[in-house]
Amino acid sequence: MTAAAPRTAIVSALHDELAGVLALMPDERRQTLAGRDFWRGHLHGQEVVAVLSGIGKVAAATTATLLIQHFGVQRIVFTGVAGGLGAGVNVGDVVLARALLQHDMDASPLFPRHEVPGYGRSRFSTDDALTDALARACERMLHALPQHLGADTLQAFGLRAPRLHQGLVLSGDRFVATTQESRVLQRELPEALAVEMEGAAFAQVCHDFRVPLAVVRTISDRADDAAHVDFPRFLRDVASRYSSGVLNMLLST
Ligand code: ADE
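Residues numbered from 1 in each chain as written. Predicted model: local features only at pLDDT ≥ 70, side-chain atom pairs only at ≥ 80, totals over all residues. Heavy atoms only, no water.

The next subject is the site of the ligand. Residues in close proximity to the ligand include Val-81, Ala-82, Gly-83, Arg-174, Phe-175, Val-176, Val-195, Glu-196, Met-197, Ser-220, Asp-221 and Ala-223, which together make up its full environment. Gly-83 places a main-chain nitrogen or oxygen 3.3 Å from a nitrogen atom of the ligand. Summarising the interface, the protein chains cover 96% of the accessible area of the ligand, which totals 260 Å² for the free molecule. Counting only elements with at least two residues in the shell around the ligand, the list comes to strand S5 (75-84), strand S9 (194-196) and strand S10 (213-221). Across the shell around the ligand, the residue classes break down as 7 nonpolar, 2 polar and 3 charged. (Near = heavy atom within 4 Å. Polar contact = N/O pair within 3.5 Å; in protein donor to acceptor, adjacent residues only side chain to side chain. Areas by Shrake-Rupley, 256 points an atom, 1.4 Å probe, with all protein chains shown as cover. Helix = DSSP H or I, 4+ residues; strand = E, 2+ residues; numbered from the N terminus. Nonpolar A, V, L, I, M, F, W, Y, C, P; charged D, E, K, R; others polar.)

Moving on: unusual backbone geometry. For the bond running from Ser-108 to Pro-109, omega is 5°, close enough to zero to count as cis. Within the secondary structure, Pro-109 sits in the loop between strand S6 (94-102) and strand S7 (123-125). Backbone geometry at His-114 places phi at a positive 75°, although glycine is not the residue there. Within the fold, His-114 resides in the loop between S6 and S7. For Arg-210, which is not glycine, the phi torsion reads 55° and is therefore positive. Topologically, Arg-210 is positioned in the loop between helix H7 (199-209) and S10. Judged by its relative accessible area of 66%, Arg-210 falls in the exposed class. (Buried < 20%, exposed > 50% of the residue type's maximum accessible area, 1.4 Å probe, protein only.)

Time to look at H7. Burial analysis of H7 places 8 of its 11 residues in the buried class, the great majority of the element. Once H7 ends, the next one or two residues include Arg-210, with phi positive near 55°.

Moving on, we get to the pattern of salt bridges. Within the structure shown, the criterion is met by 14 salt bridges. One salt bridge in this structure joins Asp-132 and Arg-98, with 2.8 Å as the shortest N-O distance. Of the two residues, Asp-132 sits in helix H3 (residues 128-143) while Arg-98 sits in strand S6, which places them 34 residues apart along the sequence. According to the relative accessible area criterion, Asp-132 is partly exposed, its value standing at 33%. For the salt bridge of Arg-217 with Glu-196, the shortest nitrogen-to-oxygen distance reads 3.1 Å. Placement of the pair is Arg-217 in strand S10 and Glu-196 in strand S9, with a sequence separation of 21 residues. In this structure, Arg-217 and Glu-196 share a single accessibility class: buried. (Salt bridge = Lys/Arg side-chain N within 4 Å of Asp/Glu carboxyl O.)

Examined against the element boundaries, Glu-198 turns out to sit in the loop between S9 and H7. With a relative accessible area of 3%, Glu-198 lands in the buried category. One polar contact links Glu-198 to Arg-217, side chain to side chain, over a distance of 2.9 Å. When near neighbours in sequence (up to four residues on either side) are disregarded, Glu-198 contacts Ala-13, Ser-53, Gly-54, Ile-55, Gly-56, Ala-60, Phe-78, Ser-171 and Arg-217. (Contact = heavy atoms within 4.5 Å.)

Structure follows, in structure tokens:
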């Protein structure tokens, strides 16, 4: 751990998701470790380190461990995109994870489906206080959305009155892009709001090290056959601005 450990880690899986956050850090300095670029600096005067986790659970677990063991961060906020699963979880909505589960974990018949061997559980909770603070930041960001995005972008993606949802988020090493797979997940785990590829790995590592975690995801698609969203453009024009807007609100209070 370094002498002045950054308090908050800000993590995304993809470059476009993190770009808006880096733009808010006036003094970021890059440090490369294990093939990852870590950006240390300040956001609203608070010590932060921002990093791309890479895609998938293994890359996420390595990144989480480095943030905790090498950088000594005291809390982690993961921000990115996810596919909507729950009824009414639409493109442009925001999902805050209260618990995360690896939907592709299956050590049955040795252990119940989805249970992580050795832990006696399938769900890992996020930190209540940090998630509550993020919920307030999300509500404020959504309220100010027209200023963040502009009317053209809102119209281009058909975003009308996006909502905040809180609950169970699934993670797995698969981009869910068929209605069939999406239905299987909805049937197996009816409470699931959204699916992504990293959050549950962060949650397991943060549980091991007792480090508070929050996971916020902008819904980029419905995890089905209908690829009605221009994914790269959505990342650049919408998700990146949601992330920077929420973190700006979170760290300025
Ligand atoms: N991230 C964004 N959309 C996703 C999807 N459909 N499946 C997994 N991860 C995602």
